[in-house]
Amino acid sequence: MRQSLSKGDITYTTAASSSSSADDKYILKPIPSGHGRVTKLAIALSLLTVASLIVRESWNFQEVTRNSVGKFGSGSFKEGQEYFRLLDTDHMDNYIEDGEDALRETAERVKDACEYTHEQYEKEPKPVAKTKALVTGGAGFIGSRLVKELLRVGYDVVVLDNMSTGKESFLAKKATLVRGDCRDYETVFKTIEEHEPFVVFHLAAQSKVLPSLKKGVDFVQFSIEQNVLATENVLKAIVQTRHASSDSGDGSANAKYVDRKNQPSGLHHPQHHKARKSFKGVQKFVYAGSSTFYGNNLRNLPFQENSKYNVLQHKTASTSPYATTKAMGETIVKLYSESYHVPTIILRLFMVFGPNEPSEGLDGVVTGKFLKQFKANEDLKIEGSGNHFRDFVHVDDVARAFVLAAQSSIEQNGHVFNVGSGKLKTINEIAELVQPDEKKRTHVAKRKNDLIGTLASTCEAKKQLGFVAKLDIEDWVLSQKV
Ligand SMILES: NC(=O)c1ccc[n+]([C@@H]2O[C@H](COP(=O)([O-])OP(=O)(O)OC[C@H]3O[C@@H](n4cnc5c(N)ncnc54)[C@H](O)[C@@H]3O)[C@@H](O)[C@H]2O)c1
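The name given to the protein chain in an unreviewed UniProt entry is NAD-dependent epimerase/dehydratase, and the organism recorded there is Bathycoccus prasinos.

Okay, structure coming up:
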């Protein structure tokens, strides 16, 4: 005899008879009696395991939500978990429509534990004398401000840029510009060989999310070439231009002499290598990573560097070819640190704003676009509801973070640091700052796959690099309106 028990959409069936059928997997068999102590012990152990799992999950969950959604601190765990499942869906597009209130609340309540400036951690870059720095992508929005900061601190700066989005007008006169493409290994090799930099900052990239979303499937390959293969070229050239004094030829930092004729296969190097003995090789490599690494996942806000929710793991859907390929770039950086002993640091930049920010087209950033529309006396066009939020960080703070990273004595083994302000603003808040007149703010179709929210955990960068973001987005926006 069979009895049906309904639980939600699933129908469970209890079987009184022992006959088996194809439906057996759905059958909840009654626990046979008379199995004595062993069965009771097994049941007790199972209950204990289930209970401990529940407690552990509850702890994890409370850890996750501790700083984020205040109401769950006092509210029921079940309520909180369901709420967060909503945010954790793989289909965030639906979530936007479903969960505007949830999104607003998250933006209001989520906090970076190190949000407030810890003056005890704050450091300034140390002045240097004639240390050579190479900045790939140094004519771009962030790169050009990094170049300025490096020159201020005392570095000699060489820029390698193909000028695809960079502009010569951004570039400080004292910097040496090499026009060339990081996708071309020989160009990168020659640049390093000729200029012998102590530190390389790698910013050259397909640098924005939107072009990588709008330009179709061929853009995936382009993004891989730009963000993965070009990164690998720079790292490989660092290994190949090393001077060392053993003939191990393994490209390791400890090798004393690199016999370039006997390099491992696949490590191509140009024939014209000069092998100057005075050059000890590039000693530091700093990679411009991206907060898009954390994907569209509010579960672990504020984003911590070691988050398991990221676009390289199944827990989080990638939002764009940009996000995936920038994250792949990180993986290559780590490979070169671990296998070829290149001293590396990865900085995950959040939403950068400030002088020279792009203000139009697919590269345009929201602050630049809004200010442009405001100055042209046009309505501000807010994509979607405007409840999305970002951790905005000033480009000159970012530039300082790069220099602090290069000067830091922490282990340079692919160590990752967030570079954000630890404060968030919704897009609506930015729009209101730019255009206080509500009638001149309009909403247009939301952007597909747009990131819902980002917020950096700033603790690591503060404690280990001495990096504290100092410049405020409100000041920047207001200064641009006059
Ligand atoms: N802007 C942001 O908010 C942000 C956020 C996270 C990460 N990043 C990263 O920071 C870096 C700089 O971004 P940005 O906003 O200054 O972008 P950008 O486009 O202004 O700068 C990129 C620079 O690299 C150059 N370039 C591009 N491809 C090149 C190649 N193959 N060889 C040589 N030069 C090349 C461009 O001409 C440009 O000068 C990028 O790696 C980007 O992914 C930026």
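The discussion continues.
All right, on to the site of the ligand then. Lining the immediate environment of the ligand, one finds 29 residues, of which Asp161, Thr165, Ser207, Gln226 and Tyr322 sit closest. Take Asn162: an N or O atom from its main chain is 3.1 Å from a nitrogen atom of the ligand. Within the backbone of Ser164, a nitrogen or oxygen atom sits 3.0 Å from an oxygen atom of the ligand. With the chains in place, 97% of the 820 Å² that the ligand exposes on its own is no longer accessible. For the shell around the ligand, the secondary-structure elements that each account for two or more residues are α6 (141–153), β8 (284–290) and α10 (321–340). Top contributing element to the shell around the ligand by residue count: β8, with three residues. Taken together, the residues of the shell around the ligand break down into 13 nonpolar, eleven polar and five charged.

Mapping Arg183 onto the fold places it in the loop between β6 (176–179) and α7 (185–195). Judged by its relative accessible area of 32%, Arg183 is partly exposed. The spacing of Arg183 and Ala205 is 22 residues in sequence and 9.9 Å in space, taken between C-alpha atoms. Leaving out residues up to four positions away in the same chain, Arg183 has contacts with Asn162, Phe222, Glu225, Gln226, Ala230 and Asn233. A polar contact of 2.6 Å, which involves the side chain of Arg183, links it to the side chain of Asp181. Within the local environment of Arg183, its side chain forms a polar contact with the side chain of Gln226, the two groups lying 3.2 Å apart.

So, on to helix α15 (residues 473–481). Those residues of α15 not exposed but buried are Ile473, Trp476 and Val477. Within α15, the buried residues cover an arc of 95° as seen down the axis, which keeps them to one side. The inward-facing, buried residues of α15 contact β10 (351–353), α11 (366–375), β12 (389–394), β14 (424–426) and α13 (427–434). The N-terminus of α15 is capped by Asp472, whose side-chain oxygen sits 3.0 Å from the backbone nitrogen of Glu474.

Mapped onto the elements of the fold, Gln412 is located in the loop between α12 (395–407) and β13 (413–419). Given a relative accessible area of 12%, Gln412 falls into the buried group. Leaving out residues up to four positions away in the same chain, Gln412 has contacts with Lys284, Ser337, Val342, Pro343, Thr344, Ile345 and Ala405.

It is at 9 Å that the axes of α7 and helix α9 (residues 218–240) come closest, and there the two elements cross at 45°. Between α7 and α9, the angle is such that the two are oblique. For the pair α7 and α9, the sense of crossing is right-handed. Contacts between α7 and α9 involve Tyr185, Val188, Phe189 and Ile192 from the first element and Asn233, Val234, Lys236, Ala237, Ile238 and Gln240 from the second. Tallied by class, the residues present in the contact of α7 with α9 amount to seven nonpolar, two polar and one charged.

This next bit is on a negative patch on the surface. Together, Glu108, Glu429, Glu432, Asp437 and Glu438 line one region of the surface with negative charge. On the secondary structure map, Glu429 appears in helix α13. Residue Glu429 is classed as partly exposed on the basis of its relative accessible area of 37%.

Before going further, it helps to examine the sheet that holds β14. Hydrogen bonds along the backbone pair up the strands of a sheet, which may run parallel or antiparallel. If you trace the three strands from one edge of the open sheet to the other, you get β10-β12-β14, paired in mixed fashion. The sheet terminates laterally at β10 and β14, the two strands that pair on one side only. Neighbour to neighbour, the strand axes of the sheet diverge by 50° on average, direction disregarded. Direction of pairing for β12 relative to β14: antiparallel, over a ladder of three bridges. The residue of β14 that forms the bridge with Asp391 is Leu424.

Quick notes on the rules
Residues numbered from 1 in each chain as written. Predicted model: local features only at pLDDT ≥ 70, side-chain atom pairs only at ≥ 80, totals over all residues. Heavy atoms only, no water. Near = heavy atom within 4 Å. Polar contact = N/O pair within 3.5 Å; in protein donor to acceptor, adjacent residues only side chain to side chain. Areas by Shrake-Rupley, 256 points an atom, 1.4 Å probe, with all protein chains shown as cover. Helix = DSSP H or I, 4+ residues; strand = E, 2+ residues; numbered from the N terminus. Nonpolar A, V, L, I, M, F, W, Y, C, P; charged D, E, K, R; others polar. Buried < 20%, exposed > 50% of the residue type's maximum accessible area, 1.4 Å probe, protein only. Contact = heavy atoms within 4.5 Å. Arc of directions from axis to C-beta. Axes fitted to C-alpha atoms, helices over the stretch in contact; angles between N-to-C directions. Parallel < 35°, antiparallel > 145°, perpendicular 65-115°, else oblique. Left-handed = near helix turned anticlockwise from the far one by under 90°. Patch = residues over 30% accessible without salt bridge, like charges linked within 9 Å, V, L, I, M, F, W, Y side chains within 5 Å. Salt bridge = Lys/Arg side-chain N within 4 Å of Asp/Glu carboxyl O. Lys, Arg positive; Asp, Glu negative; His and termini not counted. Charge placed at Lys NZ, Arg CZ, Asp CG, Glu CD. Pairing = 2+ DSSP bridges.

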